[in-house]
Amino acid sequence: MKKLLLLVAFTLISITAANAATDVKLNLSGDAYWTTDNAQVGMGERQLTATNLFKDRFGTNNVLLSAEATNEDWKATFSLAHYGAETGIGLNDACASLRLFDKLWLNAGYFANWDGDYTYNNWFTQSSLTELMCMASPYVAASLSYDFPKDITLNVGLMNTASWDNSDAIENNTSKTFFAKVDWANICKDWGLTVSFLTGNEESFETSYTRSMSELYLKFGGHCCDNLEGIIEGKLFMKGETGELESINAFSAQIMARYHFNDKFSVGARVGYTADEDALYLQHQVSGLDAGIVCQYNPVEYAYLRLEGGLLSLSNSDNDTMAEIFKNDDEFSASRLGVALSMGFNFDLFSLIHK
C-alpha cells in the first residue's frame, strides 16, 4: 500500500507540472456543545452516543482542518481532526485519486468514515443509535470509481478494517474487506440514493476462530417541496456462523424531516428504531426507539446555533445492564431524556485556482 501511495503521489506531481488549472482549498470546521440529561451517571462519558459525550459541561465534538486540491486529472485531500476533550489531534484522511481514462478513477489512501458525516454537516448534533452504528475509524483502502451518466457513481475496492489499540494497528482481517458504494444523485427529481456494502472475514482477538462480517447501508433523501426535506436511512449488520457460534445480526433505521422557514431559521424532527439484542455492535443488548427535535438558527451562512431535545427509550428494560446506562435513584430506567445547545462553523480559509 505504501508503494502504491508513493506512486500515486509522484504521478500527481508530474501531472500538475504540465497540466490544466488546479483548484486548491483550505477549510476549518467544527462544533461545540453543552448537554444534560436525566441519567444519573455523573459527569463521565454518556453511553449509547457518539457525540455530545459529556454532560453538564462545555465540550467539542470535532474540529477539522482540511486541504483539498482538484485537477481534471487528479484529486487529493488531507485533513487533521480533533475529537473531543479526551482525544488528541490525529490524521483523519490522506488520499489521492488519479483519472485513468475518461470517467474511471483510481483512489488510494487513508479514508474517513465510510457512511457518516461530521456533526456540523448533520441535521442534529446529538447522534442517534442509527448514526452510532457505523464504522467510526478511518481505514486504509484502494478502489476504482466510475462516473456514469445521470449522476450515478460506482466505487468498488478493498479496505483494511484493522482495529487500533494504543496507536498500534492490530490486524484482524484474515482476508481484506471488499466494499462497494453507489451514489445516485437524482434518482427521482432532486432525491438522491446511496447504497453501501462491505464484507470480509474477521478474526477474534480472544480466540483463533474467524467469522464473516457484512454490513449494508442505505440512504434516500431530498426535498418533498420547496422548504421541506427528508431523509430515510437504514443499516444492517450480519456476522456469519462459525464453529459452535450461530449467525447474528443487528438492524437500525431512522426517518428525519426538516422545514426551512427562511434562510436563517429551520426546525427538524426524527424517529428511529434499533435492534441489537445480541450486542453485535453496541456492546449492550439494546433494542428500542429514539426520537429528537431541533431548532436551528444560522446568523451567517457559515455558522449555526442549535437547540435540541431527545428521547431514547429501550424496550428490553428487564436487562440489568441498563442500570449502568440510565441509572436513576439507584434503580435502572428504560429511557433517557436530554437537551443540548450547540454551535458550529465551517470556514473557507483559503481558495486558489493555479494555472
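The structure displayed is predicted, hence computed values, not measured ones. (Residues numbered from 1 in each chain as written. Predicted model: local features only at pLDDT ≥ 70, side-chain atom pairs only at ≥ 80, totals over all residues. Heavy atoms only, no water.)

1. Re the overall build of the protein
At step 1: A tally of helices and strands in the protein yields two helices and 20 strands.
At step 2: With 355 residues in all, the protein has 40% of them scored as buried.
At step 3: Within the protein, residue pairs in contact and separated by at least 24 positions form 56% of the contacts whose partners lie at least 6 positions apart.
At step 4: As displayed, the protein offers around 19,100 Å² of accessible surface, 60% of which is attributable to carbon and sulfur atoms. (Helix = DSSP H or I, 4+ residues; strand = E, 2+ residues; numbered from the N terminus. Buried < 20%, exposed > 50% of the residue type's maximum accessible area, 1.4 Å probe, protein only. Contact = heavy atoms within 4.5 Å. Areas by Shrake-Rupley, 256 points an atom, 1.4 Å probe, with all protein chains shown as cover.)

2. Here we look at the pairing of strand E17 (residues 303-314)
At step 1: The pairing of strand E16 (residues 286-300) with E17 spans 11 bridges and is classified as antiparallel. Across the sheet, residue Gly 288 finds its bridge partner in E17, namely Leu 314.
At step 2: In this antiparallel pair of consecutive strands, E16 and E17, the connection spans two residues. (Pairing = 2+ DSSP bridges.)

3. Remarks on the environment of Leu 280
At step 1: Mapping Leu 280 onto the fold places it in the loop between strand E15 (265-276) and E16.
At step 2: Owing to a relative accessible area of 13%, Leu 280 belongs among the buried residues under this scheme.
At step 3: Each C-alpha atom of the pair Leu 280 and Ala 250 lies 6.5 Å from the other, and the pair is 30 residues apart in sequence.
At step 4: Among residues more than four places away in sequence, those in contact with Leu 280 are Met 213, Phe 237, Met 238, Lys 239, Ile 248, Asn 249 and Ala 250.

4. Some details on the packing of aromatic side chains
We describe a pair of aromatic rings using the distance from one ring centre to the other and the angle between the two ring planes.
At step 1: Enumeration according to the criterion identifies seven aromatic pairs in this entry.
At step 2: Relative to Phe 220, the ring of Trp 191 has its centre 4.9 Å away and its plane inclined at 35 degrees; by these criteria the two rings are tilted. Residue Trp 191 is located in strand E11 (residues 191-203), and its partner Phe 220 is located in strand E12 (residues 210-223); the two are separated by 29 residues in the primary sequence.
At step 3: Taking relative accessible area as the criterion, Phe 220 reaches 27% and is therefore assigned partly exposed.
At step 4: These aromatic residues form a ring-pair network of at least three members: Tyr 302, Phe 345 and Phe 347.
At step 5: Taking the ring centre of Phe 54 as reference, the NZ or CZ of Arg 57 above it sits at 4.2 Å.
At step 6: A cation over an aromatic ring shows up here: Arg 270 above the ring of Phe 124, its NZ or CZ 4.1 Å from the ring centre. (Phe/Tyr/Trp six-rings, centres within 6.5 Å; stacked < 30°, edge-to-face > 60°. Lys NZ or Arg CZ within 6 Å of the ring centre and 35° of its normal.)

5. Here we look at empty space enclosed by the protein
At step 1: Overall, the coordinates contain two cavities of 30 Å³ or more when judged by the stated rule.
At step 2: By volume, the largest cavity amounts to about 250 Å³.
At step 3: Taken together, 24 residues line the largest cavity, and the ones lying closest to its centre are Arg 46, Gln 126, Ser 127, Gly 310 and Leu 311.
At step 4: Within the residue set of the lining of the largest cavity, elements represented by two or more residues are strand E1 (22-37), E16, E17 and strand E20 (335-354). (1 Å grid on protein atoms, 1.4 Å probe; cavity = no way out; pocket = protein on both sides within 12 Å on 5 of 7 lines; lining within 4 Å. Points joined across faces, edges and corners; volume = space filled by probe spheres on them.)

6. Quick word on the side chain of Thr 22
At step 1: Its place among the elements puts Thr 22 in strand E1.
At step 2: There is a polar contact of 3.0 Å between the side chain of Thr 22 and the side chain of Asn 71. (Polar contact = N/O pair within 3.5 Å; in protein donor to acceptor, adjacent residues only side chain to side chain.)

7. Some remarks on unusual backbone geometry
At step 1: Its identity as a non-glycine residue notwithstanding, Leu 48 has a phi of 55 degrees, on the positive side.
At step 2: Turning to its location among the elements, Leu 48 is positioned in the loop between E1 and strand E2 (58-70).
At step 3: Its identity as a non-glycine residue notwithstanding, Lys 189 has a phi of 50 degrees, on the positive side.
At step 4: Within the secondary structure, Lys 189 sits in the loop between strand E10 (173-188) and E11.
At step 5: Here Lys 189 falls in the exposed class, since its relative accessible area comes to 78%.

8. Details of the layout of surface pockets
At step 1: Considering only enclosed or pocket space, the second largest pocket measures out at about 510 Å³ in volume.
At step 2: In terms of lining residues, the second largest pocket is bounded by 23 residues, among which Gln 296, Asn 298, Val 300, Glu 301 and Ala 303 are the most central.
At step 3: Listed by contribution, the elements that provide at least two residues to the lining of the second largest pocket are strand E14 (248-260), E15, E16, E17 and E20.
At step 4: Split by residue class, the lining of the second largest pocket holds seven nonpolar, 10 polar and six charged. (Nonpolar A, V, L, I, M, F, W, Y, C, P; charged D, E, K, R; others polar.)

9. So, the confidence of the model for the protein
Atom-level detail of predicted coordinates should not be read off regions where pLDDT is low.
At step 1: For the protein, mean pLDDT is 82; residues scoring 70 or higher make up 78% of the total.
At step 2: Model confidence for the protein, summarised as mean pLDDT per element, is weakest for strand E8 (residues 163-165) at 44 and strongest for E15 at 95.
At step 3: Segment residues 1-12 is flagged for pLDDT under 50; beyond a separation of four residues in sequence, or across chains, it makes 15 contacts in the model.
At step 4: Contacts for the low-pLDDT stretch residues 163-169, under 50 throughout, to residues beyond four places or in other chains number nine contacts. (pLDDT = per-residue confidence, 0-100.)

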